[in-house]
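Below, each chain spelled out in residue letters.
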Amino acid sequence: RGAIYAQEQHLLIPYSRAVFETYWGSESPDISNDEVLTAICGRVGLDTDGFFRAISNQHYKALLRQNTDELIARGGYGSPTIFINGDDMYFGNDRLPLVEFRLRKLLGGL
């Protein structure tokens, strides 16, 4: 739900990066904790009050359910799952080097 709100605020990339860095590399990896989420919002420039209103709003809950259902229908099963060109699926933080390799190849070896 937080990612959906961050996307609407044009802050999805910094928000996602901050969430994953917190989850996998911080002293306080509990990304469900309000204090941790408040710090993430501050770090990326999200309005904290708007963020907490959004993540408790039924509209955002429904959008998350819709996204989850789509992921399951496409064969995915967790986060992060990344699709390149619609059906080239990568799952897991440990697969990010493969995603980078594939994107570089698609972009002509940049």
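Just so you know, these numbers come straight off a predicted model, no measurement behind them. (Residues numbered from 1 in each chain as written. Predicted model: local features only at pLDDT ≥ 70, side-chain atom pairs only at ≥ 80, totals over all residues. Heavy atoms only, no water.)

A few words now on the packing of helix α2 (residues 12–25) against helix α3 (residues 34–44). Relative to each other, α2 and α3 sit at 140°, their axes nearing to 9 Å. Judged on the interaxial angle alone, α3 and α2 are oblique. Handedness of the α2/α3 crossing: right-handed. Contacts between α2 and α3 pair Pro14, Tyr15, Ala18, Val19, Glu21 and Thr22 from the former with Val36, Leu37, Ile40, Arg43 and Val44 from the latter. Here the contact of α2 with α3 is composed, by residue class, of eight nonpolar, one polar and two charged. (Axes fitted to C-alpha atoms, helices over the stretch in contact; angles between N-to-C directions. Helix = DSSP H or I, 4+ residues; strand = E, 2+ residues; numbered from the N terminus. Parallel < 35°, antiparallel > 145°, perpendicular 65-115°, else oblique. Left-handed = near helix turned anticlockwise from the far one by under 90°. Contact = heavy atoms within 4.5 Å. Nonpolar A, V, L, I, M, F, W, Y, C, P; charged D, E, K, R; others polar.)

Okay, the packing of aromatic side chains next. For the structure on display, the rule yields seven aromatic pairs. For the ring pair Tyr23 and Trp24, a centre distance of 5.5 Å and an interplane angle of 75° mean the geometry is edge-to-face. The exposure class of Trp24 is partly exposed, given its relative accessible area of 41%. Here Tyr77 and Phe91 contribute two aromatic rings whose centre-to-centre distance is 4.5 Å and whose plane-to-plane angle is 50°, an arrangement assigned as tilted. One end of the pair, Tyr77, is in the loop between α5 (58–73) and β1 (81–84); the other, Phe91, is in strand β2 (residues 88–91), with 14 residues separating them in the sequence. Overall, Tyr77 belongs to the exposed group, its relative accessible area being 59%. (Phe/Tyr/Trp six-rings, centres within 6.5 Å; stacked < 30°, edge-to-face > 60°. Buried < 20%, exposed > 50% of the residue type's maximum accessible area, 1.4 Å probe, protein only.)

Now for the nonpolar core. Grouped together as the largest cluster of nonpolar side chains are 17 residues, with contacts concentrated most on Tyr5, Tyr15, Ile40, Leu46 and Phe51. Put simply, the parts of the chain that give this core at least two residues each are α1 (2–8), α2, α3 and α4 (48–55). In terms of residue count, α3 provides more of this core than any other element does, five residues in total. Filtering out sequence-adjacent residues up to four positions away, Tyr5 remains in contact with Leu46, Asp47, Gly50, Phe51, Ala54 and Tyr60. (Core = buried A, V, L, I, M, F, W, Y, C linked by side-chain atoms within 4.5 Å.)

That is the geometry; function is a separate question.
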